[in-house]
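# Coordinate analysis (summary)
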Amino acid sequence: MSGGDKLRDYERESNVRTHLPRGVRILFVGIAVALGIFHLYTSYAGALVDIKQRSIHLYTLMMLAFLLYPITKKKKRNKIPIYDYMLAGASLVLGIYMLVSATTIIESGGQINHIDVYVGMVVIIVLFEITRRVTGWGLTLLAFGFLVYGFYVKLSIYPQLTWDIIINASSGIIAHLVYITEGVLGTAIGVSASYIILFILFGAFLSKSGMGQLFNDMAMAVAGHTKGGPAKVAVLASGFLGSINGSAIANVVTTGAFTIPLMKKVGYHKNFAGAVESASSVGGQILPPIMGAAAFIMAENLGIPYTTVILAGIIPALLFYFGVLLQVHIRASKLKLKGLDKNELPTVKTVLMKRGHLLIPMIILLYLLFSGKTPFYAAFWSIIATVLITGTGRMLFISGAVSLFLLFEPQIVAVLVGASIPELRDNWFELGSIIIIPLVINLIRKQAQVKAEEIHVRDFVDALENGVRTTIPVAVACGAVGIIVGISSLTGVALEIASSIVSIGDLIQSPLFQLLITLFLTMIASIILGMGLPSIPTYIITSTMAAPILLQLPYFRELTGAGESAVFVAHMFVFYFGIFANITPPVALAAFAGAGISGGEPMRTGFQAMKLAIAGFIVPFMFVFSNQMLMMDATIRNIFVIMATSLTGVFLLSVAVEGYFKRPLAWYIRIIATIGALLLIYPGLWTDMAGLVALLFVLVISLKRNNGLPASENVS
């Protein structure tokens, strides 16, 4: 079975038509490229009015989706039935209707007429259908359930229903969901239409430039020769790629096709090999700077700088990957596995000489973000830099000319219209450097005849098309999630659910135990809500439904700080567990995809992935008790101490999970190691001291030459 077949088995988003009719294919590519250019242009020149910008984005992608996604998995993928053409056309018409009526609706304060009501009903029906095709039944039924609940709440207040009452209630709900920025065209689709599509396009251009191969080669050069090298390569490569592409399952299939066979070849069990790949790919969704694009919605939703989210994610992500790498290393030591032959591996110098230039766009991206520029501004110029640094001669000429025009646009326009020439813009040196440095590096590499991937005109078109294709499931999911968020704001259902869960905790008198029970219930709720969903809708749903649970607890607010601080910690908590749903049985789709490649047992692979990700399941509880772990109100000294003690704690935790350090460990030593790990990960002087005592005990016992325990021969 090919990688594409495996992906279709586990990810609904991959069930697409593989061959479009020639005319439809040309139309599809033309619209996709036009939409990509539209978003690039508006990121530079400024977005349209919210309703118009978001309508163009959503309804165009819905139209493309009906051409791409068949009505069922079993439907032939090389033919498009007439009803899909009709639905695609309906999506286009709905989008045009929204553009035409946007100004009137805005001026009327969201008041709509009977025609608007009927059109809004069609919008919701068409959106439900494309959501079912693209993401499956889970999100569709959830959104439908919320819609039914919304009608129930609005109609249940009347003792007797009449047709006028039903029409008026429907008008209010549809106006809220379809015509204003509270529902389908709300924050979720707004972020998709601004930040997310640009970063997906950035990832598509990086993919064309050979960035994936750079990550793989660098991981092989750094870790391939060490104990259990292929597993460490999988951890590093999957983490970096998973952060960029936003889909853990797709990352498992693409990267795992290379890494899993290598892991099995050096001696790892097939369940463990699949688990390493799936855990590492899921971890990419919490790895800064891109964090699977969910960080952008979090920043927009909370009204905080994007860099705050990046910084908050650094320590938890490091602890997660340190834990996975340690378990991989300990397992290799236990099984006496070796790495790959150094002669078969590239050197770091060779990798950097061939593809090291691809790091320049990433450096530009981080520089612009941390210098206070908006994410879409940073993404736009990072895409420009990617094309400039990897383009062929023709692409270099085109992109260079466009870049210089953008840099000197006011002066060029003034000359053309005969006006006085204005001064250079304030940031001319910054933008000039972003243009000149990649361009010069490209010319030097061409002169030196360094062979590597180049972006041709065809690759440029393909990158735009692939980026728009990849955005389709994100935008569709954001549209459906908009219904959930809209009904929640209209009815207050999220607060009602939160109150119900908090009332369970109220049965416990101790504030600490009440908080722990509520955190545990919130974790379970977040995992259930995140099952089978990409990272972006996962965050939106969990932050809407689960985060309010924590915010109703006075002790939670006391620990995490007042106002925005508590809200941010709550959102990070539910986001992490929503993401880990992909490796949490019984619906561990990323783990199941890994098992499909490794030939392992899906459930055992899922539980093994949970063991590998154990640090990720513990850290969110810890940053509730000390938000300094999220670099909030933290000094350099605080951060250093937290990093040192937490990394030591993760080491102990890995030893406890694997039951091995230099030799197999007795059960009581593993229990002591677990307790010591929790004490060290939890920030605090006395807990750190107690944890260090446990560490010394484990080290002394483990390093004794004779402990009377047999060596392990079989580990699955």
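Note that the structure is a prediction, hence the values are computed from the model and not measured. (Residues numbered from 1 in each chain as written. Predicted model: local features only at pLDDT ≥ 70, side-chain atom pairs only at ≥ 80, totals over all residues. Heavy atoms only, no water.)

## Quick look at the overall build of the protein
Scanning the protein for helices and strands turns up 33 helices and 2 strands. In terms of overall size, the protein behaves like a compact globule, its C-alpha atoms giving a radius of gyration of 26 Å where 716 residues would be expected to give roughly 27 Å. For the C-alpha atoms alone, the extent of the protein along its principal axes is close to 80 × 80 × 55 Å. The proportion of buried residues among the 716 residues of the protein is 57%. Long-range pairs, those at least 24 residues apart, make up 80% of the contacts in the protein with a sequence separation of at least 6. Only carbon and sulfur atoms are counted for the fraction: they give 66% of the accessible area of the protein, which is about 29,300 Å². In the protein, 48 side chains carry a positive charge and 34 a negative one; their mean positions are 13 Å apart. (Helix = DSSP H or I, 4+ residues; strand = E, 2+ residues; numbered from the N terminus. Rg over C-alpha atoms; globule rule 2.2 N^0.38 Å. Buried < 20%, exposed > 50% of the residue type's maximum accessible area, 1.4 Å probe, protein only. Contact = heavy atoms within 4.5 Å. Areas by Shrake-Rupley, 256 points an atom, 1.4 Å probe, with all protein chains shown as cover. Lys, Arg positive; Asp, Glu negative; His and termini not counted. Charge placed at Lys NZ, Arg CZ, Asp CG, Glu CD.)

## Thoughts on the pattern of salt bridges
Here the structure, examined in full by the defined rule, presents 16 salt bridges. In this structure, Lys 208 and Asp 462 form a salt bridge, with 3.8 Å as the shortest nitrogen-oxygen distance. Of this pair, Lys 208 sits in helix α8 (residues 187-209) while Asp 462 sits in helix α21 (residues 457-491), placing them 254 residues apart in sequence. Judged by relative accessible area, which is 25%, Lys 208 ranks as partly exposed. For Asp 462, a relative accessible area of 14% corresponds to the buried category. (Salt bridge = Lys/Arg side-chain N within 4 Å of Asp/Glu carboxyl O.)

## Some details on the nonpolar core
Counting 241 residues, the largest nonpolar core has Trp 381, Ile 483, Phe 556, Phe 568, Phe 573 and Phe 580 as its most contacted members. Setting aside anything within four residues of it in sequence, one finds Phe 556 in contact with Leu 515, Leu 550, Leu 551, Ala 566, Val 569, Ala 570 and Val 624. (Core = buried A, V, L, I, M, F, W, Y, C linked by side-chain atoms within 4.5 Å.)

## Some thoughts on the side chain of His 176
If you trace the backbone, His 176 turns up in helix α7 (residues 163-179). A distance of 3.0 Å separates polar atoms of two side chains, one belonging to His 176 and the other to Ser 489. (Polar contact = N/O pair within 3.5 Å; in protein donor to acceptor, adjacent residues only side chain to side chain.)

## Concerning the packing of helix α14 (residues 306-334) against helix α27 (residues 564-579)
The geometry of α14 relative to α27 is characterised by a closest axis approach of 12 Å and an angle of 50 degrees between their N-to-C directions. As far as their axial angle goes, α27 and α14 are oblique. For the pair α14 and α27, the sense of crossing is right-handed. Together, Thr 308, Val 309, Ala 312, Gly 313, Pro 316 and Ala 317 of α14 and Phe 568, Met 572 and Tyr 576 of α27 make up the contact between the two elements. Looking at the contact of α14 with α27 residue by residue, the classes come out as 7 nonpolar, 2 polar and no charged. (Axes fitted to C-alpha atoms, helices over the stretch in contact; angles between N-to-C directions. Parallel < 35°, antiparallel > 145°, perpendicular 65-115°, else oblique. Left-handed = near helix turned anticlockwise from the far one by under 90°. Nonpolar A, V, L, I, M, F, W, Y, C, P; charged D, E, K, R; others polar.)

## Overview of the packing of aromatic side chains
The final tally for this structure, using the stated rule, is 23 aromatic pairs. Ring centres of Tyr 576 and Phe 580 lie 6.3 Å apart, and the angle between their planes is 85 degrees; on these two criteria the pair is classed as edge-to-face. When sorted by exposure, Tyr 576 lands in the same class as Phe 580, which is buried. On the basis of an interplanar angle of 85 degrees and a centroid distance of 6.0 Å, the ring pair of Trp 667 and Tyr 668 is categorised as edge-to-face. Of the aromatic side chains, those joined through ring pairs into one cluster are Phe 320, Tyr 321, Tyr 539, Phe 573, Phe 575, Tyr 576, Phe 577, Phe 580, Phe 617, Phe 621 and Phe 623. The cationic tip of Lys 662 hangs over the ring face of Phe 661; the distance from NZ or CZ to the ring centre is 5.9 Å. (Phe/Tyr/Trp six-rings, centres within 6.5 Å; stacked < 30°, edge-to-face > 60°. Lys NZ or Arg CZ within 6 Å of the ring centre and 35° of its normal.)

## A closer look at a nonpolar patch on the surface
On the surface, Leu 404, Phe 405, Phe 408, Ile 412, Val 413, Leu 416, Val 417, Leu 424, Trp 428 and Phe 429 cluster together into a nonpolar patch covering about 930 Å² of accessible area. Counting residues per element, the ones that place at least two in the nonpolar patch are α18 (393-407), α19 (409-417) and α20 (428-448). Residue contributions to the nonpolar patch peak at 4 residues, all from α19. Looking at the element boundaries, Val 413 is found in helix α19. (Patch = residues over 30% accessible without salt bridge, like charges linked within 9 Å, V, L, I, M, F, W, Y side chains within 5 Å.)

## Description of helix α31 (residues 636-658)
Helix length check: α31, at 23 residues, gives a terminal C-alpha distance of 33 Å against a target of 33 Å (1.5 Å per residue), a fit within 8%. After α31 finishes, the residue Gly 659 shows a positive phi value of roughly 65 degrees. (Expected span 1.5 Å × (residues − 1).)

## Observations regarding unusual backbone geometry
For the peptide bond that leads from Pro 288 to Pro 289, omega is 10 degrees, which places it in the cis range. In this structure, Pro 289 sits in the loop between α12 (270-283) and α13 (294-302). A cis amide bond links Pro 585 to the next residue, Pro 586, at an omega of 15 degrees. Tracing the chain through its elements places Pro 586 in the loop between α27 and α28 (589-598). With phi around 55 degrees, Lys 336 is a residue other than glycine that occupies positive phi space. Considering the arrangement of structural elements, one finds Lys 336 in the loop between α14 and α15 (348-355).

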